[in-house]
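As a plain string of letters, each chain reads:
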Amino acid sequence: MSTTQQALAIGRPLGASRLTRRAWHGGLQGSEFAWAIAFAVPYAAVFIAFVAYPVAYGLWLGGKPSLYAELYSDPRYLSTVVNTLLFVGIGVNLKMFLAFLLSGFFMRRRWWVKSLLVIYILPWAVPALPAFISIHWLLNGQWGLFNNLLYELFGIDGPIWLNTHWLALGSNIASYIWKWMPFWTVIFLAGRMAIPQELYEAAEVDGATGMRRFAHVTFPLLANLYLVCTLLSTIWTLGDFSTVYFVSGGGPAMSTEVLATLGIQYAFTIADPRLGVAAVMSALPVLIPIVILLMRKLRMSEVQL
Amino acid sequence: MSASVAAGRPKSRPRYRLRRYMVEAACLALGFLLIVWSLIPIYNMILIALDSHNDIFSGAVWPPNPTLESFRIVWTEGFWYLEHFWHQFGNSFYVGLATMFLTLLIGSLAAFTVGRMRLRNGWLLTNAALLTYVIPASFLAIPFYRIMQLYGLGNNIWAVIAAEVTFATPYAIFIFSQYGKSIPMELDESARIDGASPLQVYLRIYLPLMAPALVAVGTYALLLAWNEYLYQFLLLSSPDSMTVPVALAQFLNSDESPWNYMMATAIVYAIPPIVMYYAFRRYMAAGLTMGGVKG
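Criteria and thresholds
Residues numbered from 1 in each chain as written. Chains lettered and ligands numbered in written order. Predicted model: local features only at pLDDT ≥ 70, side-chain atom pairs only at ≥ 80, totals over all residues. Heavy atoms only, no water. Helix = DSSP H or I, 4+ residues; strand = E, 2+ residues; numbered from the N terminus. Buried < 20%, exposed > 50% of the residue type's maximum accessible area, 1.4 Å probe, protein only. Phe/Tyr/Trp six-rings, centres within 6.5 Å; stacked < 30°, edge-to-face > 60°. Lys NZ or Arg CZ within 6 Å of the ring centre and 35° of its normal. 1 Å grid on protein atoms, 1.4 Å probe; cavity = no way out; pocket = protein on both sides within 12 Å on 5 of 7 lines; lining within 4 Å. Points joined across faces, edges and corners; volume = space filled by probe spheres on them. Nonpolar A, V, L, I, M, F, W, Y, C, P; charged D, E, K, R; others polar. Polar contact = N/O pair within 3.5 Å; in protein donor to acceptor, adjacent residues only side chain to side chain. Axes fitted to C-alpha atoms, helices over the stretch in contact; angles between N-to-C directions. Left-handed = near helix turned anticlockwise from the far one by under 90°. Contact = heavy atoms within 4.5 Å. Salt bridge = Lys/Arg side-chain N within 4 Å of Asp/Glu carboxyl O. Core = buried A, V, L, I, M, F, W, Y, C linked by side-chain atoms within 4.5 Å. pLDDT = per-residue confidence, 0-100. Parallel < 35°, antiparallel > 145°, perpendicular 65-115°, else oblique.

**Considerations on the overall build of chain B**
At step 1: Each helix and strand counted, chain B has 13 helices and zero strands in total.
At step 2: Shown N-terminal to C-terminal, the secondary structure of chain B runs as helices and strands in the order α-α-α-α-α-α-α-α-α-α-α-α-α.
At step 3: By principal-axis analysis of the C-alpha atoms, chain B measures approximately 80 × 75 × 30 Å.
At step 4: Put simply, chain B has 295 residues, and 56% of those count as buried.

In structure tokens:
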């Protein structure tokens, strides 16, 4: 499966070039229709039993307006909303921007750059849970490796990273970027590689090099991919549970919780599932516009059948 | 004219060369920085796993007395959190393989009926898949948990498999329908004229030609199930039914400090996915934005 071609296909309107032929000429006949239905049943069943029903149930659980008044009166909820905005806003955008820049770096044709990529994608390959547990220990103020390194190399006494709100939040964001930047770098790298070399040659003939080449060739071609990736990543990051839960643990004193962890906290630690669902559902005003935008972008491109 | 070129050369060349060296040096510095950045947490994992019990809190940057003792403990299940370790390891594999198989089956059937047989109103299925794809999994966890109790699947490994299949199938459907477009429809048509039933077309023509996509999605589903934590944590509670990530996170509740055992467990748990990533690297970014690992 050629990944490079698909990289640019995302978010690019399906041109008239792909004339889809009608299969099964004359439509489905007799038993064929029954087969078609039978093939569709498993996924329809999965969707109804494990998506539609839980979604409806969730909407019912979190539907009472009084829950939101209760949430609003909880000071932890308000700080959680701010944290979520910072975590998602800074985390996603910084990660995407760096990944985009680094994908340019990995385009360099040097043997050591190629072998560096193999090491660079390691954080993506390691499961999130062990990685974040390790980072949690790495950042321990007394015996964590990070502060020991700072002391050994520079003679600095590092701060107790996870004990102050801002440092803990920053650690969460940095860990999140550590884990997911390689994945998006690989995607942008594939996107860059899918740009035909002739375009660059033509641009060079016209005198565009360096920054102008980037501004007039690379960026316009990848802008759509960048946008779709950012939207998708925003959605996933809104639902990211592991990073905050394992790196800072929501601490100190629940000051770095995000909506995903607070919802679980409400539902299972305080045993108030309604409040948990309400906390999560309060992200819908942000989530729904992104989902609509994204679904439109995705459907326009490849998903059309 | 040739004189001016010759005169210009000795001046501009060293400058050009200097610039090139500077770029090269900057690249090397960036490369070094990236290596340190990527490897520190992983080095930390190995460092703690190699520490003996007394050295964990020594604050050493290099293990003073490196020992494989913690790996031996994991291997022999010699610690009370690890009593069922290999059973749990098996559970994780079971969940991964079942998720992979069901995702491939359900996804390919749906993609086949919508994309190849063009079932009327098939777009409903693809839209359902798209919708599932953009719901953050953790947002659905609370109602999902309660509904599993309702289905009588509390503390049952099949509840986890259901969850993983639910979140892996949409990706499968997209990859299959994208990839399916590259297979000529004439093959289906001629087989049909020869009297093949839809099931035969699916088994004999569609599946064999979809092999690369099956590998890509299979890897994705297996890794998703292996790496996922939240649903497994919520849905599994007894040591018998637990999977490795849940067992691993249990260490965090401990009052003792068996961090070297925990890190050794973490490394053993991380090795299969790392091997798979590098073995199937070509496929891992397949479908790209459609991929990603939903966390």
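Picking up where we left off.
**Observations concerning the packing of aromatic side chains**
At step 1: Counted under the stated rule, the structure contains 48 aromatic pairs over all chains.
At step 2: A ring pair is formed by Phe100(A) and Phe214(A), whose centres lie 6.0 Å apart and whose planes are at 65°; its orientation type is edge-to-face. Taken as a pair, Phe100(A) in helix α4 (residues 75-105) and Phe214(A) in helix α11 (residues 210-238) lie far apart in primary sequence, 114 residues in all.
At step 3: The partly exposed category is assigned to Phe214(A), whose relative accessible area is 25%.
At step 4: Each residue in the set Phe50(A), Tyr53(A), Tyr57(A), Trp60(A), Phe144(B), Tyr151(B), Phe167(B) and Tyr231(B) is aromatic and connected to the rest through ring pairs, giving one cluster.
At step 5: It is Arg213(A) that lies over the ring of Tyr200(A); its NZ or CZ is 4.5 Å from the centre.

**Observations concerning the layout of surface pockets**
At step 1: The volume enclosed by the largest pocket comes to roughly 830 Å³.
At step 2: Considering the residues around the largest pocket, the lining is formed by 23 residues, among which Gly104(A), Phe105(A), Met107(A), Arg192(A) and Arg213(A) are closest to the centre.
At step 3: Where the lining of the largest pocket is concerned, the elements lending two or more residues are α4, α10 (197-205) and α11 of chain A together with α1 (2-50) of chain B.
At step 4: Residues belonging to the lining of the largest pocket are distributed by class as follows: 13 nonpolar, five polar and five charged.

**Here we look at the side chain of Asn44(B)**
At step 1: Locating Asn44(B) in the fold gives a position in helix α1.
At step 2: Polar side-chain contacts of Asn44(B) include one of 2.9 Å to the backbone oxygen of Ser134(A).

**Digging into the packing of α4(A) against α11(A)**
Residue and element names in this part refer to chain A.
At step 1: At a minimum axis separation of 10 Å, α4 and α11 run at an interaxial angle of 145°. Between α4 and α11 lies a crossing whose hand is right-handed. Contacts between α4 and α11 involve Thr84, Phe87, Val88, Val92, Asn93, Lys95, Met96, Phe97 and Phe100 from the former and Phe214, Leu222, Tyr226, Cys229, Thr230, Ser233, Thr234, Thr237 and Leu238 from the latter.
At step 2: Of the residues assigned to the contact of α4 with α11, the class counts are 11 nonpolar, six polar and one charged.

**Structural notes on empty space enclosed by the protein**
At step 1: Counting across every chain of the model gives five cavities of 30 Å³ or more.
At step 2: One number sums up the size of the second largest cavity: a volume of about 130 Å³.
At step 3: Lining of the second largest cavity is provided by 18 residues; of these, Trp143(A), Leu47(B), Ile48(B), Asp51(B) and Ile56(B) occupy positions nearest its centre.
At step 4: Taken together, the elements giving at least two residues each to the lining of the second largest cavity come down to α7 (128-138) and α8 (145-154) of chain A together with α1 of chain B.
At step 5: Element by element, the count of residues in the lining of the second largest cavity is highest for α1(B), at three residues.
At step 6: Looking at the lining of the second largest cavity residue by residue, the classes come out as 11 nonpolar, five polar and two charged.

**Some details on the pattern of salt bridges**
At step 1: Per the stated rule, a full pass over the model turns up six salt bridges over all chains.
At step 2: Between Arg72(B) and Glu69(B) there is a salt bridge, with the nearest N and O atoms lying 3.1 Å from each other. In this pair, Arg72(B) and Glu69(B) both sit in helix α2 (residues 69-76), three residues apart, roughly one turn of the helix.
At step 3: We classify Arg72(B) as partly exposed; its relative accessible area is 45%.
At step 4: Note on Glu69(B): relative accessible area 33%, which makes it partly exposed.
At step 5: Residues joined in a network through salt bridges with shared partners are Arg108(A), Arg110(A) and Glu24(B).

**Digging into the nonpolar core**
At step 1: Grouped together as the largest cluster of nonpolar side chains are 191 residues, with contacts concentrated most on Tyr43(A), Phe105(A), Phe106(A), Trp184(A), Phe176(B) and Tyr231(B).
At step 2: Broken down by element, this core gets its largest block of residues, 16 residues, from helix α6 (residues 157-180) of chain B.
At step 3: Beyond its immediate sequence surroundings of up to four residues, Tyr43(A) is in contact with Ile106(B), Ala110(B), Leu125(B), Ala128(B), Ala129(B), Thr132(B), Thr169(B), Pro170(B) and Ile173(B).

**A closer look at the interface of chain B and chain A**
At step 1: Taken together, the contacts link 114 residues of chain B with 108 residues of chain A.
At step 2: The interface formed by chain B and chain A holds three salt bridges in total.
At step 3: Between Arg110(A) and Glu24(B) there is a salt bridge, with the nearest N and O atoms lying 2.2 Å from each other.
At step 4: Here the residues of the side of chain B that touches chain A are counted per class, giving 82 nonpolar, 20 polar and 12 charged.

**Notes on the side chain of Ser242(A)**
At step 1: Positionally, Ser242(A) belongs in helix α12 (residues 242-247).
At step 2: Once you skip the residues sitting within four places of it in the chain, Ser242(A) turns out to touch Phe132(A) and Val247(A).

**Thoughts on helix α14 (residues 273-281) of chain A**
At step 1: Burial analysis of α14(A) places eight of its nine residues in the buried class, the great majority of the element.
At step 2: Within the span of α14(A), buried status applies to Pro273(A), Leu275(A), Gly276(A), Val277(A), Ala278(A), Ala279(A), Val280(A) and Met281(A).

**Some remarks on the confidence of the model for chain B**
Close reading of the predicted structure is inappropriate where its pLDDT is low.
All names here are of chain B.
At step 1: Per-chain confidence: chain B averages 84 in pLDDT, with 91% of residues scoring 70 or above.
At step 2: Taken element by element, chain B is modelled with least confidence in helix α13 (residues 281-284), mean pLDDT 73, and with most confidence in helix α3 (residues 85-116), mean pLDDT 93.
At step 3: Overall, residues 1-8 carries pLDDT values under 50, and its contacts beyond four positions in sequence, including any with other chains, amount to zero contacts.
At step 4: Across residues 288-295, confidence stays below pLDDT 50; counting only partners more than four residues off in sequence or on other chains, it has 40 contacts.
At step 5: Overall fold confidence for the complex sits at a pTM of 0.86, while the interface term, ipTM, reaches 0.85.

**A word on the packing of helix α2 (residues 31-61) of chain A against α3(B)**
At step 1: Running from amino to carboxyl end, α2(A) crosses α3(B) at an angle of 130°, the nearest separation of the two axes being 8 Å. In terms of orientation, α2(A) and α3(B) fall into the oblique class. Of the two possible hands of crossing, α2(A) and α3(B) adopt the one that is left-handed. From α2(A), Ala36(A), Phe39(A), Ala40(A), Pro42(A), Tyr43(A) and Val46(A) reach across to α3(B), where they touch Ile106(B), Leu109(B), Ala110(B), Phe112(B) and Thr113(B).
At step 2: A class-by-class count of the residues in the contact of α2(A) with α3(B) yields 10 nonpolar, one polar and no charged.

**A word on unusual backbone geometry**
At step 1: Positive phi values are uncommon outside glycine, yet Met254(A) reaches one of about 60°.
At step 2: Here Met254(A) lies in the loop between α12 and α13 (259-269).

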